[in-house]
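In case you want the letters, here they are:
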Amino acid sequence: GSYNITEALRVGLEGRWTQEDKRLIDRATLLGAPAVRRFGLLEDRFRYFTPRGTVDYKLTDDNLLYATVAKGLKTGGFNGNQNRISDESQRLFAPETNWTYEIGTKNTFLDGRLQANLALYYIDWKDMQLNEAVRNPVPNVPLTVPAVILGNVGGAKTWGVELEGIFQATDN
């Protein structure tokens, strides 16, 4: 929803509620064979709320200032080859979340023939999902499984500037 406080100032709030039920099914089950599970059935329910807030201020009909704050999420899940991964902590990975903050301006000039936009942003990630090595339970013995799985490897912060320009040189 959004609300116009004045003709020039608008505030918006959004929210999304998501629930995902995930279950790891082995290949034998998919092919119609009886399931063989050494570590039991893996299933989990992921629930999350992702809000977003915006403020727009219209300086003129051709110039807008804005600010946004939003939470993003990439759901968690399970790594394959469950019966070959001996470290319990590597069998599943948690959701990845981030908060994104952005301020900017959107502008048109020359009767709409020139568009110039500028944005400054900052993103703060938690529980980032990246490839990580499978932990070997037996030192000095080579692994017989893929050496890389998906895991939560910590957080990251990034910031940047985005400049966008479009110019219509002729009527064609």
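Residues numbered from 1 in each chain as written. Predicted model: local features only at pLDDT ≥ 70, side-chain atom pairs only at ≥ 80, totals over all residues. Heavy atoms only, no water.

Q: Mind showing me how you'd approach the environment of glycine 76 here?
A: Along the chain, glycine 76 turns up in the loop between β4 (63-74) and β5 (77-78). Judged by relative accessible area, glycine 76 falls into the buried class, the value being 0%. Counting along the chain gives 75 residues from glycine 76 to glycine 151, while the straight-line C-alpha distance between them is 9.3 Å. If near-sequence neighbours (up to four positions away) are discounted, glycine 76 is found in contact with Lys22, Phe46, Phe93, Ala94, Pro95 and Gln129. (Helix = DSSP H or I, 4+ residues; strand = E, 2+ residues; numbered from the N terminus. Buried < 20%, exposed > 50% of the residue type's maximum accessible area, 1.4 Å probe, protein only. Contact = heavy atoms within 4.5 Å.)

Q: In this structure, what is going on with a nonpolar patch on the surface? I would like to understand it.
A: Taken together, Val69, Trp99, Tyr101, Ile103, Leu118, Leu120, Tyr122, Trp159, Val161 and Leu163 make up a surface patch of nonpolar side chains, about 990 Å² in accessible area. Going through the elements one at a time, β7 (96-109), β8 (114-126) and β11 (156-167) are the ones with two or more residues in the nonpolar patch. On the secondary structure map, valine 69 appears in strand β4. The class for valine 69 is partly exposed, based on a relative accessible area of 34%. (Patch = residues over 30% accessible without salt bridge, like charges linked within 9 Å, V, L, I, M, F, W, Y side chains within 5 Å. Areas by Shrake-Rupley, 256 points an atom, 1.4 Å probe, with all protein chains shown as cover. Salt bridge = Lys/Arg side-chain N within 4 Å of Asp/Glu carboxyl O.)

Q: Where do I start with the packing of aromatic side chains in this structure?
A: Scanning the entire structure with this criterion turns up 1 aromatic pair. In this structure, lysine 106 is placed above the aromatic ring of tyrosine 66, and the distance from its NZ or CZ to the ring centre is 5.6 Å. (Phe/Tyr/Trp six-rings, centres within 6.5 Å; stacked < 30°, edge-to-face > 60°. Lys NZ or Arg CZ within 6 Å of the ring centre and 35° of its normal.)

Q: Help me out: how do you make sense of the pairing of β4 in this one?
A: Sheet faces and side chains relate simply in a regular strand, where the side chains alternate between the two faces. Across 8 bridges, the pairing between strand β3 (residues 42-60) and β4 is antiparallel. In the sheet register, lysine 58 faces β4, and the bridge partner there is leucine 64. Hairpin geometry of β3 and β4 is characterised by an intervening segment of 2 residues between the two adjacent antiparallel strands. Of the strand pairs in this sheet, β4 and β7 are connected by 12 bridges, and their pairing is antiparallel. Pairing of threonine 68 across the sheet is with glutamate 102, part of β7. (Pairing = 2+ DSSP bridges.)

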